[in-house]
Amino acid sequence: MGKDTSKERKAVERLVEVVRQASRSPADPGLRERFGALPRLPIRIVCCPLDKGINHGNILRVAECFRVERVSFAPVSSEKEKDMSGCFAALKWQPYEWKEPTEALRGAKLVGCRVYGLTLGVATRPVHGVDWRFPAALVVGRELEGIDPKVSAACDEFVGVPLFGVVESLNVAVATGIAVWEMVKACIAAHPELEPARALQREMLRKVGSQNSGAPGE
């Protein structure tokens, strides 16, 4: 699925080295060994065919940063070169697959996922005003064309990022990151046991919790 070019092989080699270096952290001893046992947030990202290959890597990085369950990418034609250069170290740690979106959504629904289509339209609700239900699957598509019609038919609800400027759309990876963060906030509010893997990030969340603990003056 996609060309196996020397450019791509060299990019993967660079990523392997980046992963090796980024995985070392004196503040988180043993993280690499225990990471696989950490529970993942019950969120799936399902991608329709994307215009630019680099979006694959950027979306994978978003998924890894929030430890979502999996990412399903639509298969890439043999004429198009895959580009995972935006994924940084996520290639090693984030589960992903190449699967037709309709097939990926069938699997998601079999495990009870509510399917949210990320798009702009008359039936779209803003991402910050959605009553997110989990497990959940977020469907994303091309920046200009949006979600494929046959995939839209499988969505239970449509959500979007309200924009305040003249430009009518966001890059798909950027929009995915904003939507996933809203999903993550709702998920950890209901499941506070779902904590970040790294100590510094856990401490950041605890600070927010202590500020909203019902202390005098709140």
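Just above sits the structure.
Every value quoted in this text rests on a predicted model; they were computed, and no experiment measured them.

> Honestly, the pattern of salt bridges in this entry has me stumped. Any pointers?
Side-chain pairs of opposite charge can arise whenever the charged atoms involved come near each other. In total, this model carries 10 salt bridges according to the counting rule given. The partner of glutamate 97 in a salt bridge is arginine 70, and the shortest N-O contact between them spans 3.9 Å. Pair noted here: glutamate 97 is in strand E3 (residues 96-98) and arginine 70 is in strand E2 (residues 68-73), with a separation of 27 residues, a long-range link. With a relative accessible area of 28%, arginine 70 lands in the partly exposed category. Between glutamate 157 and arginine 125 there is a salt bridge, with the nearest N and O atoms lying 3.2 Å from each other. A residue pair is termed long-range when its members are at least 10 positions apart, and glutamate 157 in strand E7 (residues 157-160) and arginine 125 in strand E5 (residues 124-126) qualify at 32 residues. With a relative accessible area of 12%, glutamate 157 lands in the buried category.

> How should unusual backbone geometry be read in this particular structure?
The omega angle of the peptide bond from phenylalanine 134 to proline 135 is 5°, so this bond is cis rather than trans. Within the secondary structure, proline 135 is located in the loop between E5 and strand E6 (136-140). One non-glycine residue with positive phi stands out, namely arginine 67, at about 55°. Topologically, arginine 67 is positioned in the loop between helix H3 (54-65) and E2.

> Looking at this structure, how should I read the sheet that holds E6?
In a beta sheet, neighbouring strands are held together by backbone hydrogen bonds and run either parallel or antiparallel to one another. Taken in spatial order, the seven strands make up an open sheet running E3-E2-E1-E6-E4-E7-E5, and their pairing is parallel. In the strand order of this sheet, the two ends are held by E3 and E5, each with one partner. Across the sheet, the axes of successive neighbouring strands diverge by a mean angle of 30°, strand direction being ignored. Note that strand E1 (residues 41-47) and E6 share five bridges and pair parallel. When the sheet's bridge partners are listed, valine 46 is paired in E6 with valine 139. Sheet contacts for H3: E1, E2, E3 and E6; angle to E2, the most-contacted strand, approximately 165°.

What counts, and where the lines are drawn
- Residues numbered from 1 in each chain as written.
- Predicted model: local features only at pLDDT ≥ 70, side-chain atom pairs only at ≥ 80, totals over all residues.
- Heavy atoms only, no water.
- Salt bridge = Lys/Arg side-chain N within 4 Å of Asp/Glu carboxyl O.
- Helix = DSSP H or I, 4+ residues; strand = E, 2+ residues; numbered from the N terminus.
- Buried < 20%, exposed > 50% of the residue type's maximum accessible area, 1.4 Å probe, protein only.
- Pairing = 2+ DSSP bridges.
- Axes fitted to C-alpha atoms, helices over the stretch in contact; angles between N-to-C directions.
- Contact = heavy atoms within 4.5 Å.

Take it as geometry only, folks, not as evidence of what the structure does.
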